[in-house]
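Examination of the molecular architecture
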Amino acid sequence: QKFGQPELQQDETDLYPLLDEALQLLGLEFSGGIELEKDYDPSIPPIEADGSAIRQVILNLLRNACQAGATNLKIRTRVEYGNALLHSGQSRVMRLDVIDDGQGVPESLRSLLFLPLVTGRRDGTGLGLSICYGIIHKMGGEITVTSALDVGTTFQIRIPVKSEVTVGMPETVPTATGHPLGN
């Protein structure tokens with residue numbers, strides 16, 4: 001483990017309770033004036049991840065949005081196939097979008113946003129997004145940002161989903177003739 005990189009305890013994790021917990025915590029911190037929309041893909045299976053670390057990432061992204069003046073937040077989940085993140089034995093990734101209508105990220109900061117000590121706020125430390133980046137990359141994923149000034153920002157997180165292993169299936173499947181190769 002390198003200095004500044006979190007130690008993760010990755011287990012099979014159901015994403016949706018973590019998202020709901022982060023939204024509840026955000027509601028306690030920023031009461032009133034924020035519209036929340038959830039657009040969840042029900043087909044996403046549990047992912048191999050550190051649940052508390054994922055919650056920390058989501059909460060940080062939501063807090064940043066509120067601190068940037070967002071009044072509308074949307075969390076969207078999807079499954080993607082054929083992504084460049086995939087390794088042998090993987091066929092899909094979970095994509096999590098955090099979308100806001102805040103002030104946006106200045107173009108001059110976008111390419112530096114995930115570096116330590118880079119911030120667009122006077123009271124910001126510049127550590128939150130750097131920590132998020134480290135957490136997601138340690139899980140084999142990626143985090144990206146798109147933003148437009150006075151329109152809003154979208155953070156996309158992609159984490160590989162382990163392929164499901166079917167227990168008890170034969171290695172060869174007989175064809176109509178009863179032979180594995182159809183002969």
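Everything that follows concerns the structure shown earlier in this document.
Below or above, wherever it landed, is the structure these notes cover. (Residues numbered from 1 in each chain as written. Predicted model: local features only at pLDDT ≥ 70, side-chain atom pairs only at ≥ 80, totals over all residues. Heavy atoms only, no water.)

Structural notes on the nonpolar core
The condition is simple: Residue types Ala, Val, Leu, Ile, Met, Phe, Trp, Tyr and Cys, when buried and joined through side-chain atoms within 4.5 Å, form a set referred to as a nonpolar core. Classification of residues uses two cut-offs on accessible area relative to the type maximum, computed with a 1.4 Å probe and protein chains only: under 20% is buried, over 50% is exposed, and between them is partly exposed. Only DSSP runs of H or I with at least four residues qualify as helices, and only runs of E with at least two residues qualify as strands; both kinds are numbered from the N terminus onward. The contact definition used throughout considers only heavy atoms, calling two residues in contact when any of these lie within 4.5 Å.
Membership of the largest hydrophobic core comes to 42 residues, with the highest contact counts inside it found for I54, I58, L62 and I157. Elements with a minimum of two residues in this core: α1 (15-29), β3 (47-49), α2 (51-67), β4 (72-81), β5 (90-100), α4 (128-138), β6 (142-148) and β7 (152-162). With nine residues, the top contributor of residues to this core is α2. Excluding its chain neighbours within four sequence positions, the residues that come into contact with I54 are L15, L18, A49, I136, M139 and I159.

A short note on α4
Along α4, the residues classified as buried are L129, S130, C132, G134, I135 and I136. Tucked inside the fold, the buried residues of α4 contact α2, β6 and β7. At the C-terminal side of α4, G140 shows a positive phi close to 85°.

Focus: the packing of α2 against α4
To characterise two packed helices, one gives the angle between the axes of the helices and the distance between these axes. As a reminder of what qualifies: Simply put, an axis is a line fit to the C-alpha atoms, just over the touching stretch for a helix, and the angle between two N-to-C directions goes from 0 to 180 degrees. Each crossing gets its handedness from the near helix: less than a right angle anticlockwise from the far helix is left-handed, clockwise is right-handed. All residues other than Ala, Val, Leu, Ile, Met, Phe, Trp, Tyr, Cys, Pro, Asp, Glu, Lys and Arg, Gly among them, are scored as polar; the first ten of these are nonpolar and the last four charged.
Relative to each other, α2 and α4 sit at 145°, their axes nearing to 10 Å. Helix-helix and strand crossings are classified by hand; for α2 and α4 the assignment is left-handed. Between α2, through A53, I54, Q56, V57, N60, L61 and N64, and α4, the contact on the second element is made entirely by G128, L129, I131, C132, I135 and I136. Across the contact of α2 with α4, the residue classes tally to nine nonpolar, four polar and no charged.

Considerations on the side chain of T13
In plain terms, the rule: Nitrogen and oxygen atoms within 3.5 Å of one another constitute a polar contact, given that in protein one can donate a hydrogen and the other can accept it, and given that sequence-neighbouring residues count only through two side-chain atoms.
On the secondary structure map, T13 appears in strand β1 (residues 11-13). At a separation of 2.8 Å, a polar atom in the side chain of T13 contacts the main-chain carbonyl oxygen of A49. Residue contacts for T13: discarding those within four places in its chain leaves L18, P46, I47, A49 and G51.

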